[in-house]
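Now for the letters of each chain:
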Amino acid sequence: MEYDLFERRMGIWILVLAVIAWAAAQLIKLLLTYCRERRLDLDRALGSGGMPSSHSAFVCACASATGRLCGWSSALFAITAVIAIVVMYDAANIRQAAGEHAKILNYLMDQWAQEGHTPFGTRLKELLGHTPIQVLAGAVLGIVIGLLGAYFVT
């Protein structure tokens, strides 16, 4: 099968657009934290959880750019759409539940330490997953960046 130069570079454009969507989501998290708390929290620049979901933005930009560049009925789009759905489900359900479990375990460890017992570990990270609204916001951001970017690439 013969590919022209654009087709050979299409994959890198899809990846670039996905990374741009991820970076945009992380920057929005950083800015929202700054506006809300009036402090620059650089952990938000690379951390998981929060508004909007950078995982959702990443996979939705990949899927929408793939659909636009490779065709909405292509096998590549189907694969990227399935992966996007799995990632978003995981972010809103499994990782969100793990964060709730971490809150409970941290509370129990704090209570145990107040009773004079030696803590048996470090605090668990509580901000792991996303609410459905955070996942939706990340998905919309990713779709917009994926579609607009693919439009300008072609």
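Preceding this section is the structure that the text describes.
Quick look at the structure, then. Everything quoted here is computed from the prediction, not taken from an experiment.

### Describing the overall build of the chain
- Summing up its helical and strand segments, the chain has five helices and zero strands in all.
- Along the chain, helices and strands appear, N-terminal first, in the series α-α-α-α-α.
- For the chain, the residues scored as buried account for 36% of the 154 residues in total.
- Sequence-distant contacts, at least 24 apart, represent 70% of the contacts inside the chain between residues at least 6 apart.

### Some details on the state of the cysteines
- Counted according to the given criterion, the structure contains zero disulfides.
- As a non-bridged cysteine, Cys 62 has Cys 70 as the owner of its nearest cysteine sulfur, 9.3 Å distant.
- Judged by its relative accessible area of 23%, Cys 62 falls in the partly exposed class.

### Some words on the nonpolar core
- Within the largest apolar cluster, eight residues are counted, these being Val 59, Cys 60, Ala 84, Met 88, Ala 91, Ala 92, Val 135 and Ala 139.
- Per-element accounting of this core gives the leading share, four residues, to helix α4 (residues 75-114).

### What about the packing of helix α3 (residues 54-70) against helix α5 (residues 132-153)?
- Axis separation between α3 and α5 bottoms out at 7 Å; the angle between their running directions is 35°. Helix-helix and strand crossings are classified by hand; for α3 and α5 the assignment is right-handed. Here α3 contributes Ser 56, Ala 57, Cys 60, Ala 61, Ser 64, Ala 65, Arg 68 and Leu 69 to the contact with α5, which in turn contributes Val 135, Gly 138, Ala 139, Leu 141, Gly 142, Ile 143, Gly 146, Leu 147, Ala 150 and Tyr 151.

### Observations regarding the pattern of salt bridges
- Scanning the entire structure with this criterion turns up one salt bridge.
- Here Arg 39 ties to Glu 37 by a salt bridge, and the two come within 2.9 Å at their closest N and O atoms.
- The partly exposed category is assigned to Glu 37, whose relative accessible area is 37%.

### Re α5
- A rise of 1.5 Å per residue sets the reference length of α5, with its 22 residues, at 32 Å; its end C-alpha atoms lie 31 Å apart and thus fit the reference within 8%.
- Among all positions of α5, only Gln 134, Val 135, Gly 138, Ala 139, Leu 141, Gly 142, Ile 145, Gly 146, Gly 149 and Ala 150 are buried. Down the axis, α5 shows its buried residues gathered within 165° of arc, on one side only. Exposed residues pointing more than 90 degrees away from the buried face of α5 are listed as Pro 132, Ile 133, Leu 136, Tyr 151 and Phe 152.

Cut-offs applied
Residues numbered from 1 in each chain as written. Predicted model: local features only at pLDDT ≥ 70, side-chain atom pairs only at ≥ 80, totals over all residues. Heavy atoms only, no water. Helix = DSSP H or I, 4+ residues; strand = E, 2+ residues; numbered from the N terminus. Buried < 20%, exposed > 50% of the residue type's maximum accessible area, 1.4 Å probe, protein only. Contact = heavy atoms within 4.5 Å. Disulfide = S-S within 2.5 Å. Core = buried A, V, L, I, M, F, W, Y, C linked by side-chain atoms within 4.5 Å. Axes fitted to C-alpha atoms, helices over the stretch in contact; angles between N-to-C directions. Left-handed = near helix turned anticlockwise from the far one by under 90°. Salt bridge = Lys/Arg side-chain N within 4 Å of Asp/Glu carboxyl O. Expected span 1.5 Å × (residues − 1). Arc of directions from axis to C-beta.

All we've got here are geometric facts, nothing functional implied.
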